[in-house]
Amino acid sequence: MNDNIEMVTKINTIEQIYTPVTLHKSTIQGGETMVIVAYSLFFLLIMGYLLLLTRRVVQIKKRMNRINKYIKHGESNE
Amino acid sequence: MFWKRDHHPITYLILLNTIALPVALYKIAIAPKEQTMGIIQKIFYLHMPLAVLSLLLLLGGAIFSVAYLIKRKNIFDRFATLSIEVGMLWATFVLISGSIWAKKAWHAWWVWEPRLTFVLIMWLTFGVYLILRRSGTGDQTKKISAIFALLGAINIPLIHISVHRLKLSKNQKGGMILDPQMKEALLYSFIAMILITTLLLFLGNQVSKKMAHTTLLQEKIAEEES
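Residues numbered from 1 in each chain as written. Chains lettered and ligands numbered in written order. Predicted model: local features only at pLDDT ≥ 70, side-chain atom pairs only at ≥ 80, totals over all residues. Heavy atoms only, no water.

### Looking at the overall build of chain B
1) Next: When helices and strands are counted, chain B shows seven helices and zero strands.
2) Next: When its helices and strands are written in sequence order, chain B yields α-α-α-α-α-α-α.
3) Next: Dimensions of chain B, computed from C-alpha atoms along their principal axes, come out at roughly 70 × 50 × 25 Å.
4) Next: Buried positions account for 45% of the 226 residues belonging to chain B.
5) Next: Taking the contacts inside chain B whose residues are at least 6 apart along the sequence as the reference set, 77% of them involve residues at least 24 apart.
6) Next: As displayed, chain B has an accessible area near 12100 Å², and 68% of this comes from carbon and sulfur atoms.
7) Next: Distance from the positive charge centre (24 side chains) to the negative charge centre (12 side chains) of chain B: 9 Å. (Helix = DSSP H or I, 4+ residues; strand = E, 2+ residues; numbered from the N terminus. Buried < 20%, exposed > 50% of the residue type's maximum accessible area, 1.4 Å probe, protein only. Contact = heavy atoms within 4.5 Å. Areas by Shrake-Rupley, 256 points an atom, 1.4 Å probe, with all protein chains shown as cover. Lys, Arg positive; Asp, Glu negative; His and termini not counted. Charge placed at Lys NZ, Arg CZ, Asp CG, Glu CD.)

Given below as structure tokens:
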């Protein structure tokens, strides 16, 4: 009988200690700005890579113009 | 209508991305806050999928580099460069977002623990690869770059071992119980990140193919002129 009473008391004590922490409280507060910064960075990196690809496309067009000019020049010489 | 005229996979990928990304962002927004991390845990939905994808892409780049060293075919070098470029893009995000997370969770922007150190070494080595690869188009440059890709890839198993075997990392796997809504957000995020990566790889491949073609033509013209 005495043992049973002791068990109940111990369980009650554990619940009193842990319930509020595990169910309701966040230990880290705030951080909204950091989340926004991280998500913005993700989109910025994608935009950066797309810009890099666009720069390369412009470079390809310039090269093709030069190559076409060379071919036309060769044809007119013939 | 454009979908009848143009059946290029890039068109479908753009369409899929315009659906998948907003859906993933919505799922992330409505997912509940984690009990101990709070809102900062939302970085995890991008950080984790992109970390996995960056490691796979960098490993893929190293495999293509080995194929180039053995076969000496330019297509392997092109695929290696493309894979490493996109892999580095995601690795950069993983490093910075991880640092933002660490500031809130560990109260420090950077901690010199095994996993983070190996990731940084890997990032620096692949960074050298990209600088080298952009410095020229000759066979020697391609060969040295491929060796750097291999050196960078050595870090990938070390990162894995540092987390799963050594038990030294603060960033250890396991023990995290996710709410069904959180799991759903992570799944949608994974799908969206895979789709974006595929789109970037397709776009990058188109551009690099044309770049290689014009380089070849320019070299031929230079030879004829000389």
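The rest of the description comes next.
### Description of helix H2 (residues 9–30) of chain B
1) Next: Taking 1.5 Å per residue, 22 residues should reach 32 Å; H2(B) reaches 31 Å between its end C-alpha atoms and fits that length.
2) Next: Listed as buried for H2(B) are B:Ile10, B:Thr11, B:Leu13, B:Asn17, B:Ala20, B:Leu21, B:Ala24, B:Lys27 and B:Ile28. (Expected span 1.5 Å × (residues − 1).)

### Some remarks on the interface of chain A and chain B
1) Next: On the side of chain B, 43 residues touch chain A, which itself brings 32 residues to the contact.
2) Next: Around 3400 Å² of area is buried between chain A and chain B when both sides are counted, 75% of it from carbon and sulfur atoms.
3) Next: Scanning the region where chain A abuts chain B turns up one salt bridge.
4) Next: A salt bridge links A:Arg56 to B:Glu85; the nearest nitrogen and oxygen atoms lie 2.8 Å apart.
5) Next: Our enumeration of links across chain A and chain B arrives at eight residue pairs in polar contact (both at pLDDT 80 or more).
6) Next: Put simply, the parts of the chain that give the side of chain A that touches chain B at least two residues each are helix H1 (2–23) and helix H2 (32–77) of chain A.
7) Next: Here the side of chain A that touches chain B gets 23 residues from one element, more than from any other, and that element is H2(A).
8) Next: Its residues assigned to classes, the side of chain A that touches chain B comprises 20 nonpolar, seven polar and five charged. (Buried area = accessible area lost by both parts, 1.4 Å probe. Salt bridge = Lys/Arg side-chain N within 4 Å of Asp/Glu carboxyl O. Polar contact = N/O pair within 3.5 Å; in protein donor to acceptor, adjacent residues only side chain to side chain. Nonpolar A, V, L, I, M, F, W, Y, C, P; charged D, E, K, R; others polar.)

### Let's talk about the nonpolar core
1) Next: A:Phe42, B:Tyr45, B:Leu50, B:Trp90 and B:Met193 are the most contacted members of the largest nonpolar core, which totals 46 residues.
2) Next: Where this core is concerned, the elements lending two or more residues are H2 of chain A together with H2, helix H3 (44–71), helix H4 (74–105) and helix H7 (180–225) of chain B.
3) Next: When residues of this core are assigned to their parent elements, the largest contribution, 11 residues, is made by H7(B).
4) Next: Beyond its immediate stretch of four places on either side in the chain, A:Phe42 contacts B:Leu21, B:Leu46, B:Leu50, B:Trp90, B:Phe93, B:Met193 and B:Ile196.
5) Next: Counting residues in hydrophobic clusters, the runner-up holds 15 residues, among them B:Met88, B:Leu95, B:Val119 and B:Ile156. (Core = buried A, V, L, I, M, F, W, Y, C linked by side-chain atoms within 4.5 Å.)

### Digging into the packing of H3(B) against H7(B)
Residue and element names in this part refer to chain B.
1) Next: Remark: H3 packs on H7, axes separated minimally by 9 Å, with the N-to-C direction vectors making an angle of 40°. In terms of orientation, H3 and H7 fall into the oblique class. Seen from above, H3 lies across H7 with right-handed handedness. Along its contact with H3, which presents Phe-44, Tyr-45, Leu-46, Met-48, Pro-49, Leu-50, Val-52, Leu-53 and Leu-57, the element H7 presents Met-182, Ala-185, Leu-186, Ser-189, Phe-190, Met-193, Ile-194, Thr-197 and Leu-201. (Axes fitted to C-alpha atoms, helices over the stretch in contact; angles between N-to-C directions. Parallel < 35°, antiparallel > 145°, perpendicular 65-115°, else oblique. Left-handed = near helix turned anticlockwise from the far one by under 90°.)

### What about the packing of aromatic side chains?
1) Next: Scanning the model with the defined rule gives seven aromatic pairs over all chains in all.
2) Next: Between A:Phe42 and B:Phe93, the aromatic rings sit 5.9 Å apart at their centres with planes inclined by 70°, giving edge-to-face as the arrangement. You can see A:Phe42 sitting in helix H2 and its partner B:Phe93 sitting in helix H4, one on each of two chains.
3) Next: What makes A:Phe42 buried here is its relative accessible area of 1%.
4) Next: Here B:Phe93 falls in the buried class, since its relative accessible area comes to 0%.
5) Next: Between the aromatic rings of B:Phe64 and B:Phe79, the centroid separation amounts to 5.4 Å while the plane-to-plane angle is 50°, which identifies the pairing as tilted. (Phe/Tyr/Trp six-rings, centres within 6.5 Å; stacked < 30°, edge-to-face > 60°.)

### Considerations on the side chain of B:Asn155
Residues and elements named next belong to chain B.
1) Next: Looking at where Asn-155 falls in the secondary structure, it is placed in helix H6 (residues 139–164).
2) Next: Overall, Asn-155 belongs to the buried group, its relative accessible area being 6%.
3) Next: Among all residues touching Asn-155, those that are not within four sequence positions of it are Phe-118, Ile-121, Met-122 and Thr-125.

### So, helix H5 (residues 114–134) of chain B
1) Next: For H5(B), which comprises 21 residues, the first-to-last C-alpha distance of 30 Å matches the rise-based estimate of 30 Å (1.5 Å per residue) to within 8%.
2) Next: Considered for burial, the residues of H5(B) that qualify are B:Leu116, B:Val119, B:Met122, B:Thr125, B:Phe126, B:Gly127, B:Tyr129, B:Leu130 and B:Arg133.

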